[in-house]
Amino acid sequence: MREFDETSITQAVIGRLSECDDPRFKRVVTSLIGHLHDFVRDVDLTEPEWFAAIQFLTDVGNTCTDKRQEFILLSDTLGVSVLIITLNHPADQGIAESTVMGPFYREGASELPRGSNLAEGVKGEPTFYSGRVLDQDGRPLDNALLDIWSGDGEGNYDLQMGGDTKMKARGKIRTDAEGRYWFRSIRPTFYPVPTDGPVGRMLLKMGRHPYRPGHIHMIVSAPEHLPVTTHLFVAGSQYLDSDAVFGMKESLVAKFERHPPGIGPNGERMDTPFYTVNYDFRLGPDSKLATRGV
Ligand SMILES: [Fe+2]
């Protein structure tokens, strides 16, 4: 057939994959084409709307830089990121729940001694984080790594601050032989996802607010275990019930206990009120390693 109507076009496009020799790619693209065509038919998409969509995606691409990932933000705000995470990391496995990576991760944060202050010179209320990294059965994991990042106490990530490119409120901490970690940083606050680009315009058009509840990010990993990309959310933070990227998980909400000025848990004299938070992460075994007999 050389000419197609509004229905036969779909099978025609899918049929052109007959020579594709990658079964997974073929399955994904076949489904994508089917859903995309169904969507266009469902809403009777007009030509100006189609062109607006092309322009929007072009703007999303043009907004990406080495410091900003607008496509991740688009995926996050449409709930796609958390849907993929939920499918790939089911809850109730007895391991720390995963949530979105978000657009502000930076590779190459320095590994620091336990107890270090990750937020030296960063605005925010001092907070002492501690806890353990355990396996699924509760055994401590020695040498586990926490790759940690957050905004400052006003909700700004270093990438958004302009000026120097030095990493702020970021660092890697390893657990000791008892699986314990501890470090100092600040108490994160709620903040808006970037609203000055196409995703911000989309949220406005949708009538949505752009805020995320206060949280600190971490990727927790250990040899022979599956790494977890996760957050700790500040209990009581505004927007816990309407996270703009749908990343909130009840199991990741942690109590930040407030203390008056005095001696901090590290023995240091604190002139301002400070917070302590304690949270244990459990990691599951890397089943690929087990099946390979590694
Ligand atoms: Fe964040």
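Residues numbered from 1 in each chain as written. Predicted model: local features only at pLDDT ≥ 70, side-chain atom pairs only at ≥ 80, totals over all residues. Heavy atoms only, no water.

*Asks:* Quick one: what's the story with the overall build of the protein, residue by residue and with numbers?
*Replies:* The helix and strand tally for the protein stands at seven helices and 14 strands. By the burial criterion, 41% of the 294 residues in the protein qualify as buried. Of the contacts formed within the protein by residues at least 6 apart in sequence, a portion of 70% connects residues at least 24 apart. As displayed, the protein has an accessible area near 16600 Å², and 54% of this comes from carbon and sulfur atoms. Distance from the positive charge centre (32 side chains) to the negative charge centre (41 side chains) of the protein: 4 Å. (Helix = DSSP H or I, 4+ residues; strand = E, 2+ residues; numbered from the N terminus. Buried < 20%, exposed > 50% of the residue type's maximum accessible area, 1.4 Å probe, protein only. Contact = heavy atoms within 4.5 Å. Areas by Shrake-Rupley, 256 points an atom, 1.4 Å probe, with all protein chains shown as cover. Lys, Arg positive; Asp, Glu negative; His and termini not counted. Charge placed at Lys NZ, Arg CZ, Asp CG, Glu CD.)

*Asks:* Tell me about the coordination of the iron ion, and name the residues and values.
*Replies:* At the metal site, the iron ion is ligated by Tyr157 (OH), Tyr191 (OH), His215 (NE2) and His217 (NE2), and these contacts range over 1.9 to 2.1 Å. Because the angles between the four donor atoms bound to the iron ion fall within 93 to 160°, the donor set is best described as irregular. When the donor residues of the iron ion are listed from N- to C-terminus, their spacing reads Y-x33-Y-x23-H-x1-H. Placement of the pair is tyrosine 191 in strand E5 (residues 191-192) and histidine 215 in strand E7 (residues 215-221), with a sequence separation of 24 residues. On the basis of relative accessible area, tyrosine 191 is assigned to the buried category, the value being 4%. Owing to a relative accessible area of 1%, histidine 215 belongs among the buried residues under this scheme. (Donors = N, O, S within 2.8 Å, 3.2 Å for Na, K, Ca; no water. Tetrahedral: all angles 85-135°; square planar, octahedral: opposite > 155°, others 65-115°.)

*Asks:* Lay out unusual backbone geometry with the relevant residues and their values.
*Replies:* One non-glycine residue, glutamate 224, adopts positive backbone phi at about 65°. Within the element layout of this structure, glutamate 224 appears in the loop between E7 and strand E8 (228-234). Look at tyrosine 239: it is not a glycine, yet its phi comes out positive at around 75°. Overall, tyrosine 239 belongs to the buried group, its relative accessible area being 18%.

*Asks:* Any chance you could break down the packing of helix H3 (residues 47-63) against helix H6 (residues 198-206) for me, citing the residues and the numbers?
*Replies:* Remark: H3 packs on H6, axes separated minimally by 9 Å, with the N-to-C direction vectors making an angle of 135°. Classified by the interaxial angle, the pair formed by H3 and H6 is oblique. Note on element contacts: H6 touches H3 through Pro198, Val199, Arg201 and Met202, opposite Phe56, Asp59, Val60 and Thr63. For the contact of H3 with H6, the per-class residue count stands at five nonpolar, one polar and two charged. (Axes fitted to C-alpha atoms, helices over the stretch in contact; angles between N-to-C directions. Parallel < 35°, antiparallel > 145°, perpendicular 65-115°, else oblique. Nonpolar A, V, L, I, M, F, W, Y, C, P; charged D, E, K, R; others polar.)

*Asks:* Quick one: what's the story with the sheet that holds strand E3 (residues 170-174), residue by residue and with numbers?
*Replies:* Read from one edge to the other, the open sheet built from five strands follows the order E3-E2-E7-E8-E9, with strand pairing classed as mixed. Every interior strand has two partners, whereas the edge strands, E3 and strand E9 (253-254), have only one. Direction of pairing for strand E2 (residues 145-149) relative to E7: antiparallel, over a ladder of five bridges. Each bridged residue has a counterpart across the sheet, and for tryptophan 149 the counterpart in E7 is histidine 217. (Pairing = 2+ DSSP bridges.)

*Asks:* Run through the nonpolar core, naming residues and quoting values.
*Replies:* With 29 residues, the main nonpolar core has Val133, Leu146, Ile148, Tyr181, Phe183, Met218 and Phe281 as its most contacted residues. If you look at the next biggest cluster of nonpolar residues, it comprises eleven residues, including Val60, Leu74, Val193 and Leu203. (Core = buried A, V, L, I, M, F, W, Y, C linked by side-chain atoms within 4.5 Å.)

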